[in-house]
Amino acid sequence: MGLVSPSTPNSFTFSTTTTHHSQIDHQYVRLKSWMMDASEPCRSELSQVLFPLFIHLYLELVAGTGRQTARKFFVKHYQVFLVNRDYENILSQVLNAANINSAVDMTTSPIIQNLKSGKYLVRLSEVTLNYFLRYLKATENPTLLQIFNTYIEVEVDDSGAGSSGAVFRTPDTHAGASNGMVNGHTPESLTSETMAASADGLDCTQEELQKVKDAIARVRSAQPVPPSLCVYTVSNAYNGLSCACVNSDGSLLSCGFEDSVIKLWKLTAPVHNIGFTKKTITIGPRGGVSHPLLACDASRIEDDGDGGEEEKDEEEAAAETRNGGRRRNRGGELYALRGHRGPVMDACFTHDSSHLLSVSEDTTMRLWSLESGQAVALYRGHSYPVWCVTAAPLTMHVATGSYDTTARIWATDYTYPLRTLAGHTQSVDCLAFHPNGTYLATGSCDRSIRLWQVTDGNAVRILMNHKAPVNSLAFSPNGKYLASGGEDGVVLVWDLAGARVLADLGAGAEGGSTSSSMDTSEHVDPIVGLCWSTDSNLLVSASSDGCVRSSHLRQTTGSDGSSGWELSEVRSVLCGIGTNGGGVGGGQLLHTSLTCHNYLTAVTALDVER
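The rules behind these values
Residues numbered from 1 in each chain as written. Predicted model: local features only at pLDDT ≥ 70, side-chain atom pairs only at ≥ 80, totals over all residues. Heavy atoms only, no water. Helix = DSSP H or I, 4+ residues; strand = E, 2+ residues; numbered from the N terminus. Contact = heavy atoms within 4.5 Å. Areas by Shrake-Rupley, 256 points an atom, 1.4 Å probe, with all protein chains shown as cover. Pairing = 2+ DSSP bridges. Axes fitted to C-alpha atoms, helices over the stretch in contact; angles between N-to-C directions. Phe/Tyr/Trp six-rings, centres within 6.5 Å; stacked < 30°, edge-to-face > 60°. Buried < 20%, exposed > 50% of the residue type's maximum accessible area, 1.4 Å probe, protein only. Patch = residues over 30% accessible without salt bridge, like charges linked within 9 Å, V, L, I, M, F, W, Y side chains within 5 Å. Salt bridge = Lys/Arg side-chain N within 4 Å of Asp/Glu carboxyl O. Parallel < 35°, antiparallel > 145°, perpendicular 65-115°, else oblique. Nonpolar A, V, L, I, M, F, W, Y, C, P; charged D, E, K, R; others polar. Core = buried A, V, L, I, M, F, W, Y, C linked by side-chain atoms within 4.5 Å. Arc of directions from axis to C-beta. Disulfide = S-S within 2.5 Å.

**A few points about the overall build of the chain**
Helix and strand content of the chain: 11 helices and 32 strands. Residue pairs in contact within the chain that sit at least 24 positions apart in sequence constitute 54% of those at least 6 positions apart. Put simply, the chain shows about 29300 Å² of open surface, and 50% of that area lies on carbon and sulfur atoms.

Printed below as a string of structure tokens:
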């Protein structure tokens, strides 16, 4: 009992440390679990004791059971110490010491002699020391108790500024020896800065640490880099292009037309060249705009004459079979989906891009299979034209908004709506699901935004600050903010927790730094698209006139110490350009989205004479 008294931390014992290797491993694992369950600051202070105990337990296993068993113990537990560079250095020296196969060989190694002749100094408060000693007394830990009394020196420090790591000290009689080692360094190689860093348990100096902190602060305060923009222009929309949508990975484009047809294009180059040329042609940059060859770019594909007519006929027949009897377009068009009886007002892909949802002026919603190109379900419930549709990110819930002033929540395996959300006084023009899938936001011509709970259909928020109909909605990926765009070109960012406006980007607002090789333009036309970056710091807004703006949302501090939010422009790009880089009048932006590859896709339509 006297051996574990705090007044005699350096007493010698006469017990032996030779025991079975399984008992040593059990004692060490039990000690680690007990330390992890301890409360602060005891847990942080006791972590200093773990490394010297591990080193000497490994040496005792080498001497008592051989190197093979000791190595298993080492490999099982050493990873936790690799976060400290000095600890890692000592571990490598001990493990690579030559010819450590028995207790006799250990006496010839200078590293082992140094560890056996010195002690590790740890600084513990009196409360933590008593707490640790009570654990050693209450449990059967003879090996741990022996090593603690022999190789660890405790310095009681109640100031609260204890060391974050154990410091190795050689005996005074060996202070001038060349093989003296302090945390893996010889005395000759230690400078004053290194000694200070070693004494504090750090693996770098204070100046180096401050440089790293300054670099992190500069990165966090800098404006984010806007993503690249890829613009797809539909120049032959003689039958009236009414909506467009690009899937999450940017490989498919769907367009809805006023003649009730939905056309689907593949945006990536063909793999098997079915209906395409065998050659890959890339049209280089012209006028500052790059023009890579796309699967849907039929006008730039030239038939090289390779392959016989028989091979081409077989390919076209296979494509016709997959297209449900309809002949495949050679310009990259996958399907022409027919079934609606009115103009297609909106369409969206499911989260896995296996199906396409579309709504029409004929008051119905249809589900299309992208594998077969056929409609697999027809949904009826609205009594007036349906303007918008969106799919939940995680579940198979679908929401629609209609001219009948209601929004409805559907499940794809039921042909009737699960919830009818009534509350708006005018038509519902835009929808957005929260990232967790449990809330739905609706924007209406009555200039209000409502936040609904999907499970019971109750309205949990009513947001009113717009002075024009709300055309577009987008939740931030972190779920904290909601961006809304109006018909007057105003963009608002809402704090969902407080139901208040954090920042606004008005039609005449002055942006921050603007850098673009193209002419910049402010939003003066209706907002048609909103999307967030994955870190919820960058908001991209697009208006029907082709202006795409990237804005940085950040928190600012005023001169009086009050905090606020700012939405400053990072870059503004005008998408109303032709395929040769020249300006073309009459262009209209229909869709913009941020794909999973972190680049923007925009779809524009040009008024081209027949």
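**Observations concerning the sheet that holds strand β19 (residues 428-433)**
The sheet built from 4 strands is open, its strands ordered β19-β20-β21-β22 with antiparallel pairing. Two strands bound the open sheet, and with one partner strand each, they are β19 and β22 (459-464). Averaged over all pairs of adjacent strands, the angle between strand axes in this sheet comes to 20°, irrespective of strand direction. By the bridge criterion, 5 bridges tie β19 to strand β20 (residues 439-444) in an arrangement that is antiparallel. Bridging from a neighbouring strand, leucine 431 pairs with threonine 442 of β20.

**Here we look at the packing of aromatic side chains**
For the coordinates displayed, the defined rule picks out 21 aromatic pairs. Relative to tyrosine 87, the ring of phenylalanine 51 lies with its centre 3.9 Å away and its plane at 10°, an arrangement referred to as stacked. Of this pair, phenylalanine 51 sits in helix α2 (residues 42-65) while tyrosine 87 sits in helix α4 (residues 85-95), placing them 36 residues apart in sequence. Side by side, phenylalanine 51 and tyrosine 87 carry an identical accessibility label, which is buried. Between the aromatic rings of tyrosine 58 and phenylalanine 74, the centroid separation amounts to 5.2 Å while the plane-to-plane angle is 55°, which identifies the pairing as tilted.

**A word on a nonpolar patch on the surface**
A contiguous nonpolar patch, built from Tyr414, Tyr416 and Leu418 and spanning about 290 Å² of accessible area, is present on the exposed surface. Take tyrosine 416: it is sitting in the loop between β17 (406-411) and β18 (419-422). Of the residues examined, tyrosine 416 reaches a relative accessible area of 47% and is grouped as partly exposed.

**Concerning the packing of helix α7 (residues 126-138) against helix α8 (residues 142-151)**
Packing of α7 against α8 leaves a shortest axis separation of 10 Å and a crossing angle of 140°. One finds that α7 runs oblique with respect to α8. Between α7 and α8, the contacting residues are Leu129, Phe132, Leu133 and Leu136 on the first element and Leu144, Leu145 and Phe148 on the second. Each residue belonging to the contact of α7 with α8 can be placed in one class, and the counts come to 7 nonpolar, no polar and no charged.

**What about the sheet that holds strand β15 (residues 386-391)?**
If you walk across this open sheet you meet the 4 strands as β15-β16-β17-β18, and the pairing is antiparallel. Edge positions in the sheet fall to β15 and β18, since each has one partner strand and no second. Averaged over all pairs of adjacent strands, the angle between their axes in this sheet comes to 20°, without regard to strand direction. Relative to strand β16 (residues 397-402), β15 runs antiparallel, the two sharing 5 bridges. Pairing of valine 389 across the sheet is with threonine 400, part of β16.

**Observations regarding the nonpolar core**
In globular proteins that are soluble, nonpolar side chains generally tend to be buried together. If you look at the biggest cluster of nonpolar residues, it comprises 43 residues, and the most contacted ones within it are Leu31, Phe132 and Phe148. Ignoring any residue separated from it by four or fewer positions in sequence, one finds leucine 31 in contact with Leu50, Leu53, Phe132, Tyr135 and Leu144.

**Overview of the packing of helix α1 (residues 21-37) against α8**
A pair of packed helices is characterised by two quantities: the angle between their axes and the separation of those axes. With their axes 9 Å apart at the nearest point, α1 and α8 run at an angle of 75° to one another. The angle between α1 and α8 falls in the class roughly perpendicular. Between α1 and α8, the residues in contact are Ile24, Gln27 and Leu31 and Pro142, Thr143 and Leu144, respectively. The residue makeup of the contact of α1 with α8, split by class, is 4 nonpolar, 2 polar and no charged.

**Examining helix α6 (residues 110-117)**
Within the sequence span of α6, burial applies to Ile111, Ile112, Asn114 and Leu115. Down the axis of α6, the sector holding all buried residues measures 160°, keeping them to one side.

**What to know about the state of the cysteines**
Tallying each qualifying case throughout the model produces 0 disulfides. A disulfide-free cysteine, cysteine 243 has its sulfur positioned 7.5 Å from the sulfur of cysteine 255, the nearest such atom. You can call cysteine 243 buried: its relative accessible area is 7%. Here cysteine 388 is not disulfide-linked; the sulfur of cysteine 430 is the nearest cysteine sulfur, at 6.6 Å. According to the relative accessible area criterion, cysteine 388 is buried, its value standing at 5%.

**Quick look at unusual backbone geometry**
Residue threonine 405 is not a glycine yet carries a positive backbone phi of 70°. Assignment of secondary structure puts threonine 405 in the loop between β16 and β17. For threonine 405, a relative accessible area of 23% corresponds to the partly exposed category. Of note, the phi angle at serine 536 is positive, near 65°, even though the residue is not glycine. Relative to the elements of secondary structure, serine 536 occurs in the loop between β27 (527-532) and β28 (538-543).

**So, the pairing of β28**
The two faces of the sheet receive side chains in turn, since in a regular strand these alternate between them. The buried fraction of β28 is high, at 6 of 6 residues. Alternating positions in β28 separate into two faces, Leu538, Val540 and Ala542 on one and Leu539, Ser541 and Ser543 on the other, with burial throughout. As judged from the 5 bridges shared by β27 and β28, these two strands associate in the antiparallel manner. Note on β28: the bridge partner recorded for isoleucine 527 is serine 543. Taken together, β28 and the strand that follows it, strand β29 (residues 547-557), pair antiparallel across an intervening segment of 3 residues, in which glycine 546 is found at a positive phi of about 95°.

**Regarding helix α3 (residues 67-77)**
Ala70, Phe73, Phe74 and His77 are the residues of α3 that are buried. The buried residues of α3 all sit within an arc of 100° when viewed along its axis, so they share a single face. Relative to its buried face, α3 has exposed residues pointing more than 90 degrees away, namely Gln68, Lys72 and Lys76.

**Notes on the pattern of salt bridges**
By the definition in use, this model includes 6 salt bridges. The shortest N-O distance in the salt bridge between glutamate 155 and arginine 123 comes to 3.6 Å. Placement of glutamate 155 in strand β2 (residues 152-156) and of arginine 123 in strand β1 (residues 119-124) is noted, with a sequence separation of 32 residues between them. The class for arginine 123 is partly exposed, based on a relative accessible area of 21%. Linking arginine 500 and aspartate 495 is a salt bridge whose minimum nitrogen-to-oxygen distance equals 3.8 Å.

**Some points on the pairing of strand β10 (residues 333-338)**
Burial analysis of β10 places 5 of its 6 residues in the buried class, which makes it a mostly covered element. Here strand β7 (residues 261-266) runs beside β10; their pairing, made up of 5 bridges, is antiparallel. Across the sheet, the residue bridging to lysine 263 is alanine 336, located in β10.

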